[in-house]
Amino acid sequence: AWDRIRSEVWLRLLESVAADRQQALITLQFMEDAMGSTAVRGDDVGFSVQSDRPGYLLVFNLNAQGGLSRIYPSNAREAKRAAAREIVTVPGFEVVPPFGVDRIVGVSYPSPLVGIKRYFFQTMEPGQEDLARFKQMLAAREDILAMVQVQMITAESANRAVRGSRGKSGESND
């Protein structure tokens, strides 16, 4: 739980930097085949991301235990500048443990993220030095154009996903 709290604090710091300097609008949406904001083990979840200004896009997942996975770009070819209003399709990623509430975060920068290639295809777990370096790299960049996040509930099975989103009485918390 402490690792998730530390990651949430870091995310709030990043949000405050973005809010102070926001110069663009960015949207992040689940692909049509996603089941709302709920996903179960084995689901392939994809997104589309769009900014009203040109920039370098970064999409990452903050998982239920505070670990972080960079989703986009996933290779050097994708690590290019997106045009204004270009809809970028973020390839799906497979839902795996840990399950719970994940935050998918999209960020846009005016220039490339130096060192981002080091983190291609890597999940960084709490306590790992790479996770600390990745967070420092992003927090040091004060030129964020925009930031957006969506919440996704992940579960072992569809039954657990539904139960996890309801209160003790079985009523929806919406």
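What you see is a predicted model, and the numbers here were worked out from it, not measured in a lab.

**Student:** Pulling in residues and values, what's your account of a nonpolar patch on the surface?
**Tutor:** On the surface, Trp2, Ile5 and Val9 cluster together into a nonpolar patch covering about 350 Å² of accessible area. Mapped onto the elements, Val9 comes out in helix H1 (residues 2-21). Residue class for Val9 comes out exposed when judged on its relative accessible area of 53%.

**Student:** Can you tell me about the pairing of strand E4 (residues 56-62), naming the residues and giving the values?
**Tutor:** Most of E4 is tucked away: seven of the seven residues are buried. Burial of E4 is two-sided: the residues Tyr56, Leu58, Phe60 and Leu62 facing one way and the residues Leu57, Val59 and Asn61 facing the other way are all buried. Direction of pairing for E4 relative to strand E7 (residues 100-109): antiparallel, over a ladder of seven bridges. Across the sheet, Leu57 pairs through a bridge with Ser108, a residue of E7. In the sheet, E4 pairs with strand E5 (residues 68-72) via four bridges, with the strands oriented antiparallel. The residue bridging Val59 from the neighbouring strand is Tyr72, located in E5.

**Student:** How would you summarise H1 if you had to cite specific residues and measurements?
**Tutor:** Look at H1: 29 Å from first C-alpha to last across 20 residues, which is about the 28 Å you get at 1.5 Å a residue. Listed in full, the buried residues belonging to H1 are Arg4, Ser7, Glu8, Trp10, Leu11, Leu14, Val17 and Ala18. The inward-facing, buried residues of H1 abut E4, E5, E7, helix H2 (129-140) and strand E9 (146-155).

The rules behind the values
Residues numbered from 1 in each chain as written. Predicted model: local features only at pLDDT ≥ 70, side-chain atom pairs only at ≥ 80, totals over all residues. Heavy atoms only, no water. Patch = residues over 30% accessible without salt bridge, like charges linked within 9 Å, V, L, I, M, F, W, Y side chains within 5 Å. Areas by Shrake-Rupley, 256 points an atom, 1.4 Å probe, with all protein chains shown as cover. Salt bridge = Lys/Arg side-chain N within 4 Å of Asp/Glu carboxyl O. Helix = DSSP H or I, 4+ residues; strand = E, 2+ residues; numbered from the N terminus. Buried < 20%, exposed > 50% of the residue type's maximum accessible area, 1.4 Å probe, protein only. Pairing = 2+ DSSP bridges. Expected span 1.5 Å × (residues − 1). Contact = heavy atoms within 4.5 Å.

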